[in-house]
Amino acid sequence: MMNKGFFCGLLLAALLFSVLGETTTPGHDRAKEDKAAETTANAASVPATTPPTTKDDKSHAGHVTTVMAGKCMKARRHKQQPSKETLEGICAPWSESSCCNATTAKDIHDTDGSYNFKWSHCEHDERHISKECLNWFRKDLCFYECSSHGGPWIAQESPARKWREERFRNLPLCQSECNDWFAACKDDFTCSDNWYTGFNYSTGEGVCINTTCRTISDTFGNAKNFCEKVWDNSFKVVPNNVTMGCIKINVDAEGVQKNGKVANEYYQTQKATGGQTRLAAGISVALSVALLWIVQ
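Treat the numbers as computed from the prediction; the structure is a model and nothing was measured.

Enquirer: For this particular structure, what's the right way to read the overall build of the chain?
Expert: Along its length, the chain carries 8 helices and 10 strands. Across the 296 residues in the chain, those meeting the buried criterion constitute 46%. Across the chain, the fraction of contacts at a sequence separation of at least 24, relative to all contacts at a separation of at least 6, is 70%. Surface exposure of the chain reaches about 15,300 Å², of which carbon and sulfur atoms provide 54%.

Given below as structure tokens:
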């Protein structure tokens, strides 16, 4: 039979793990990274004339891995940390706390796509993207490249691509935003209902796997399907009045600040949930040890 002293030691260790569990990586201070990221997000979510504020993060140290509000994803054109930039053109609203530099912003403003992919990819059928739809996809790319408020929805890319290790997953896009985006693009043409997987890059440039082009309305059916499927579930469409708020991509500088507040709301919720999950895991371990002791 298991020694009772040994059992009590295991039980105590499990409970301590659940309450104090510190997940660390050698040479990496996660608590400091969390604090810095939250400070960046808070600073970006208030007007520049207001001193940035931070919240005490000590009670949550060790409960968060890569979930942060003010953070840039690991990708080819993203900076390691968001900072102020002088961005011009369509990406200008993201200047205050940007994950992209001025060169990237200018490229977005001047081009018809990115990473060897063209938004106007049905030109073989002489179908050119409309100006209204093009502007929406440029705004979408500005958000992807420049926004520092996607942290809570950054996920590992699996498998990793040459041009990024991370991506957005299920970022809460406002329903009204999605409806406007779809309305601007519904009469434009596409050859795929998933612009992430529906193209062949073997020649270096994205080419339609299915060469038959249909309207975006016919291809996706409705606004929700369009916004969620076009980039392989990068977005999740939610009601505008959802409790924790939602993100918009067609914004001015004030709208970017509102996005920052939404990101902070999700960030705080995820930190709290992470702590509760660790507590539940610790209790589960303790109960398992207790059961093992009882049956022996």
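From this point, the discussion proceeds with the structure in view.
Enquirer: What should I look at first to understand unusual backbone geometry in this one?
Expert: A negative phi holds for most residues other than glycine; trans holds for most peptide bonds. Not every positive phi belongs to a glycine, and Asn170 is a case in point at roughly 60°. Looking at the secondary structure, you find Asn170 in the loop between β4 (164-168) and β5 (171-174). For Asn170, a relative accessible area of 37% puts it in the partly exposed group. Unusually for a residue other than glycine, Asp232 sits at a positive phi of about 55°. Mapped onto the elements, Asp232 comes out in the loop between α7 (223-229) and β10 (235-238).

Enquirer: Mind showing me how you'd approach the packing of aromatic side chains here?
Expert: The description of an aromatic ring pair uses the distance of the two centres, along with the angle that the planes make with each other. Summed over all chains, the structure comprises 13 aromatic pairs. Judged by centre distance (5.3 Å) and plane angle (70°), the rings of Phe137 and Trp181 are edge-to-face. On the criterion of sequence distance, the pair formed by Phe137 in helix α4 (residues 131-146) and Trp181 in helix α5 (residues 175-185) is long-range, its members being 44 residues apart. For Phe137, a relative accessible area of 0% puts it in the buried group. Ring centres 5.8 Å apart and planes at 50° place the aromatic pair Phe182 and Phe226 in the tilted group. Taken together, the residues span a long stretch of sequence, with Phe182 in helix α5 and Phe226 in helix α7 at a distance of 44 residues. The exposure class of Phe226 is buried, given its relative accessible area of 0%. A network of ring pairs unites the aromatic residues Trp136, Phe137, Trp181, Phe182, Trp195, Phe220, Phe226, Trp231 and Phe235 as a single cluster. One Lys or Arg, Arg167, reaches over the ring of Tyr196 and ends 5.4 Å from the middle of that ring.

Enquirer: Explanation requested: the confidence of the model for the chain in the structure shown.
Expert: The predicted coordinates of low-pLDDT regions are not to be read in fine detail. When pLDDT is averaged across the chain, the result is 74; 66% of the residues are at 70 or more. The element-level mean pLDDT for the chain is lowest in helix α2 (residues 30-44), coming to 43, with α5 highest at 97. Low pLDDT, under 50, characterises residues 18-67; the predicted model gives this stretch 80 contacts beyond four residues in sequence or across chains. Below a pLDDT of 50 lies the segment residues 275-281, which in the model reaches 9 contacts outside its immediate sequence neighbourhood of four places, other chains included.

Enquirer: It is not clear to me how the environment of Cys142 should be interpreted in this structure. Could you clarify?
Expert: Relative to the helices and strands, Cys142 resides in helix α4. Note on Cys142: relative accessible area 0%, which makes it buried. Measuring from C-alpha to C-alpha, the distance between Cys142 and Ser98 comes to 9.9 Å, with 44 residues separating the pair along the chain. Beyond its immediate chain neighbours, meaning those up to four positions away, Cys142 contacts Ile90, Cys91, Trp94, Ile108 and Ser147.

Quick notes on the rules
Residues numbered from 1 in each chain as written. Predicted model: local features only at pLDDT ≥ 70, side-chain atom pairs only at ≥ 80, totals over all residues. Heavy atoms only, no water. Helix = DSSP H or I, 4+ residues; strand = E, 2+ residues; numbered from the N terminus. Buried < 20%, exposed > 50% of the residue type's maximum accessible area, 1.4 Å probe, protein only. Contact = heavy atoms within 4.5 Å. Areas by Shrake-Rupley, 256 points an atom, 1.4 Å probe, with all protein chains shown as cover. Phe/Tyr/Trp six-rings, centres within 6.5 Å; stacked < 30°, edge-to-face > 60°. Lys NZ or Arg CZ within 6 Å of the ring centre and 35° of its normal. pLDDT = per-residue confidence, 0-100.

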